[in-house]
Amino acid sequence: MGMPTLAYRVDSAVPPPGYSTFIVGESSLATTVSFSSFTTTSATAVDSTNSNSTHWSPAHSSTLYRIDNWGAPYFAVNDSGNITVRPHGSSTLSHQEIDLLKVVKKASDPKSVGGLGLQMPLIVRFPDVLKNRLESLQSAFVSAIQTQGYESRYQGVYPVKCNQDRFVVEDIVKFGTPFRFGLEAGSKPELLLAMSCLCKGNPEALLICNGFKDAEYISLALLARKFQFNTVIVLEQEEEVKLVIDISKKLSVRPVIGLRAKLRTKHSGHFGSTSGEKGKFGLTTNHILRVVKDLHDSDMLDCLQLLHFHIGSQIPSTALLQDGVSEAAQIYSELTRLGADMKVIDIGGGLGIDYDGSKSGNSDLSVSYSLEEYASAVVNAIQVVCDRKSVKHPIICSESGRAIVSHHSVLIFEAMSTTDTAPSMNQINLPFIELSEDARSDYWNMSDAVMRHDNETCLFYADQLKQRCVEQFKEGSLGIEQLAAVDGLFDLVTKTIVETEPVRTYLVNLSIFTSIPDFWSIGQIFPIVPIHRLDQKPEVKAILSDLTCDSDGKIDKFIGGEANLPLHKPGNGQYYLGMFLGGAYQEALGGVHNLFGSPSVVTVLQSDGPHSFAITHAMSGPSCADVLRVMQHEPKLMFENLKHRAEEFCGIDAGSCLASTVARSFQNMPYLEPRSSCSLTAMNNGGFYYCNKEDYYAGSETGANEDEHWSYCFA
Ligand SMILES: *Cc1c(COP(=O)(O)O)cnc(C)c1O
């Protein structure tokens, strides 16, 4: 539908008032290209095609971004077009819903207007969601056990490697105390943190010690048993059994031992690469028999009480799950027959998350079962095997990590700017374009094709014209203004003919390597959605590019197999995007590529006050000084050096003033600061810049440097 307009423009010798156009001279293309008029016209054309944009509603956004599919029952869109968090899942009352935009404003608004002055990006944690996930998992097993008449109980542990954040682990211990929920550790520091957190937990809560172990790890685990934690040392390699036997004798502790079995069942998805007979972890059948013999010979076979296995994360279907659990239940029964005092079957992790909401069992991004179906499949598989072998039903332990923590946090970041590939340059009056003969004939052929409404030919010549001009530019016979004009013409032609909005790149105030490491490393896709403006139609197709100087620092794959994300045109205010379901693994895996550190964090509880929420903790992300220290730099010395340098070259007074600007940069986070309180003010003495003192102090108060961790409450 843009064709006639274009034809008119290209063809008309005398432009109508308000329009300039190509005026084609004899041997050159003299142009007074009014890009602004093109843009206005084409923008109108786009708007009229999308005239239904006035009928857009939050419900349309909910469908477009599949929010109900992956977000229910925790995330939805409210009437104002903002993402709303339902902290208690399906039992959330309407007045308990939390408007995510309000949280972000409260966290990021300057202190002078009542905000917390935190820099973006921001992780918002919802402990209520964590509690709901934990209770849902528990009740799924409780109800499967009741329905199927299973004669023991479920007693889960949380594998801390999924998110070792102190508040996450402490909350899980607290919320899980009524049902003896425990922790799983896979390394010495994880064991230390698990022991410390379980001091406040249920005394019967399990403390499962997995991972490769040395004498120190084993001693620590044995001490944990002395301290009356319900510790189980799970043997990962055959050699560990000797250490356990020796050290437990030395420390005179009777250990509780588990074994990790290497199953034959293989999970073929990405996360299953360590499963199966050739997997990296666990004991083979032969190893198991030798361990049993060693324990028997040391009179410790009664210490062997738990069988552990882990099929892999993100188990796609209950069919595979049942297969693995049944195999493990057979091993469990055999261990009982061999004389071990078996009590617990620990089915590992792998309870999956439906990241794209597709409920599909053949993608790493989705799973085809619900929590209830998972629990039911596990209970059934164990029961069938144990009944057949007349083995007492074991306590069922699971190490679900992803399923517990994924939903509880949201990563918020800003889209800062966008590349505008649509022609939008303002009124560039080109003096003269020296085109080659060939280019000129391309231009004429293109114009002819426009007249004949022959789009394909038109595009062909437009493309050829552009290529020729690029060649001319490389040879030095075309100036940069002319090249820009040709680019603009090309974009205009393609846009008008193809009538599709080009895909735009939005710069986001984020490091993918730090905050979404799994996207970069294993192609894990998370749902990303604007957290506001969802009552407006998103009219731009976008990909996201992060702040790092790394070509991998971009997101161009989205849920639903999409190569771009519908976003709104940048408006006047901030534009916030949320990445959801990233509560597991992302925080601990992230590095400091390009020295971008982790985001700021706020913890938000549902509250019955006027705002329906309270921020209970807030912490600024690492400052530039903090991330520099990670790489062994000494920010204090660096600053002293720079201060001397400033004084040497700018004079003592001005120099020390300028140094305060540098000092502030050390204290701020590495990310962009769109509403910088450091409004650099020009001094009149030689164009020096300095920071407004007041702002400086206000800013430094939130400096992560001071390891400040304050409690804040309103409502
Ligand atoms: C990683 C891991 C888990 C957690 O797996 P999820 O899929 O996140 O539930 C549990 N157990 C072991 C041994 C693990 O290595």
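Only a predicted model underlies this, so the values are computations on that prediction, with no experimental measurement involved.

Caption draft 1: Fine view of the overall build of the protein chain. From N to C terminus, the protein chain includes 24 helices and 26 strands. Within the span of the protein chain, comprising 715 residues, buried residues form 46% of the whole. A fraction of 74% describes how many contacts in the protein chain between residues 6 or more apart in sequence connect residues 24 or more apart.

Caption draft 2: Representation of the UniProt feature "modified residue: N6-(pyridoxal phosphate)lysine" (unreviewed entry) in the protein chain within the structure. Sequence positions flagged by UniProt for "modified residue: N6-(pyridoxal phosphate)lysine" (unreviewed entry) are, in local numbering, Lys 161. Its location among the elements puts Lys 161 in the loop between strand S7 (157-159) and helix H7 (166-176).

Caption draft 3: Examining the nonpolar core more closely. In this structure, Ile 172, Leu 307, Ala 328, Ile 345, Val 378, Ile 382 and Ile 412 are the most contacted members of the largest nonpolar core, which totals 158 residues. Here the element with the most residues in this core is helix H13 (residues 371-388); it accounts for nine residues. Of all hydrophobic cores here, the second largest spans 17 residues; its members include Leu 435, Val 450, Cys 458 and Cys 469.

Caption draft 4: Helix H12 (residues 318-337), seen in detail. With 20 residues, H12 should reach 28 Å at 1.5 Å per residue; the first-to-last C-alpha distance of 28 Å fits that figure. Residues of H12 that are buried: Thr 318, Leu 320, Leu 321, Gly 324, Val 325, Ala 328, Ala 329, Ile 331, Tyr 332, Ser 333 and Leu 335. Along its buried surface, H12 packs onto strand S12 (304-308), strand S13 (344-346) and H13. Backbone geometry just after H12 places Gly 339 at a positive phi near 105°.

Caption draft 5: Region of the structure containing the sheet that holds strand S5 (residues 98-99). The strand order across the open sheet formed by three strands is S3-S4-S5, and the pairing between neighbours is antiparallel. Both outer strands of the open sheet, strand S3 (75-77) and S5, are each paired with one neighbouring strand and no more. Here S3 runs beside strand S4 (residues 83-85); their pairing, made up of three bridges, is antiparallel. Pairing of Ala 76 across the sheet is with Thr 84, part of S4.

Caption draft 6: Seen up close, the environment of Leu 589. Looking at the element boundaries, Leu 589 is found in helix H20 (residues 586-589). Its 17 C-beta neighbours within 10 Å are what place Leu 589 among the partly exposed residues. Here the alpha-carbon distance between Leu 589 and Asn 163, two residues 426 residues apart in the chain, equals 9.4 Å. In contact with Leu 589, not counting residues within four places along its chain, are Pro 517 and Asp 518.

Caption draft 7: Representation of the sheet that holds S7. Taken in spatial order, the eight strands make up an open sheet running S7-S8-S9-S10-S11-S12-S13-S14, and their pairing is parallel. With one partner strand each, in any of the chains shown, S7 and strand S14 (395-397) form the two edges of the open sheet. Averaged over neighbouring strand pairs, the angle between their axes works out to 25° when direction is ignored.

Caption draft 8: Layout of the site of the ligand. Within the structure, the ligand sits among 16 residues, and Ser 313, Gly 349, Glu 399, Gly 401 and Arg 402 are positioned closest to it. Classifying every residue of the shell around the ligand by side-chain character gives five nonpolar, eight polar and three charged.

Caption draft 9: Local environment of the UniProt feature "active site" (unreviewed entry) in the protein chain. UniProt's entry tags Cys 549 with the feature "active site" (unreviewed entry), counted in the numbering of this structure. For Cys 549, the position within the fold is in the loop between strand S18 (540-545) and strand S19 (554-555).

Caption draft 10: Quick peek at helix H16 (residues 455-475). Its 21 residues give H16 an end-to-end C-alpha distance of 30 Å, which sits within 8% of 30 Å, the value for a rise of 1.5 Å per residue. Taken residue by residue, H16 has Cys 458, Tyr 461, Ala 462, Leu 465, Lys 466, Arg 468, Cys 469 and Gln 472 as its buried positions. Across the axial projection of H16, the buried residues extend over an arc of 165°, all falling on one side. H16 presents Glu 456, Lys 474 and Glu 475 as exposed residues on the side facing more than 90 degrees away from its buried surface.

Caption draft 11: Inspection of the environment of Gly 561 at higher detail. Looking at the element boundaries, Gly 561 is found in the loop between S19 and strand S20 (565-567). Gly 561 sits in the exposed class, given 11 other C-beta atoms within 10 Å. A C-alpha to C-alpha distance of 9.5 Å links Gly 561 and Ile 525, two positions 36 residues apart in sequence.

Caption draft 12: Spatial organisation of the packing of helix H22 (residues 635-650) against helix H23 (residues 652-667). Put simply, H22 and H23 touch, their axes get as near as 8 Å, and they point 150° apart. By the angle between their directions, the pair H22 and H23 is classed as roughly antiparallel. The hand of the H22/H23 crossing is right-handed. Here Pro 635, Phe 639, Leu 642, Lys 643, Ala 646, Glu 647 and Cys 650 of H22 lie close against H23, whose contacting residues are Ile 652, Ala 654, Gly 655, Ser 656, Leu 658, Ala 659, Val 662, Ala 663 and Phe 666. When grouped by side-chain class, the residues that make up the contact of H22 with H23 number twelve nonpolar, two polar and two charged.

Caption draft 13: Representation of the pairing of strand S22 (residues 600-606) within the structure. Of all seven residues in S22, six are buried, a share of seventy percent or more. Pairing analysis gives four bridges linking strand S6 (residues 122-125) to S22, with the strands arranged parallel. Within the sheet, the bridge partner assigned to Leu 122 lies in S22 and is Ser 600. Across six bridges, the pairing between S22 and strand S23 (residues 613-619) is antiparallel. Along S23, the bridge assignment pairs Leu 605 with Ala 614. Linking S22 back to S23 in an antiparallel pair, the connection comprises six residues, with Ser 612 at a positive phi of about 65°.

Caption draft 14: Focus on unusual backbone geometry. The peptide bond linking Ala 72 to Pro 73 adopts the cis configuration, its omega dihedral lying at 0°. Among the structural elements, Pro 73 can be located in the loop between helix H4 (67-71) and S3. Residue Pro 121 is bonded to the preceding Met 120 through a cis peptide linkage, with omega at -5°. Here Pro 121 is to be found in the loop between helix H5 (100-108) and S6. A positive phi angle, close to 65°, is found at Arg 533, a residue other than glycine. Inspection of the secondary structure assignment puts Arg 533 in the loop between strand S17 (528-530) and S18. Notably, Asn 594 is not glycine yet its phi reads approximately 60°, a positive angle. Of note, Asn 594 is situated in the loop between H20 and S22. Residue classification places Asn 594 among the partly exposed residues on the basis of 16 C-beta atoms within 10 Å.

Cut-offs used in this document
- Residues numbered from 1 in each chain as written.
- Predicted model: local features only at pLDDT ≥ 70, side-chain atom pairs only at ≥ 80, totals over all residues.
- Helix = DSSP H or I, 4+ residues; strand = E, 2+ residues; numbered from the N terminus.
- Buried ≥ 20, exposed ≤ 12 C-beta atoms within 10 Å, placed from the backbone.
- Contact = placed C-beta atoms within 7 Å.
- UniProt positions renumbered as here; feature names shortened; annotations may be inferred.
- Core = buried A, V, L, I, M, F, W, Y, C linked by C-beta atoms within 7 Å.
- Expected span 1.5 Å × (residues − 1).
- Pairing = 2+ DSSP bridges.
- Axes fitted to C-alpha atoms, helices over the stretch in contact; angles between N-to-C directions.
- Near = placed C-beta within 6 Å.
- Nonpolar A, V, L, I, M, F, W, Y, C, P; charged D, E, K, R; others polar.
- Arc of directions from axis to C-beta.
- Parallel < 35°, antiparallel > 145°, perpendicular 65-115°, else oblique.
- Left-handed = near helix turned anticlockwise from the far one by under 90°.

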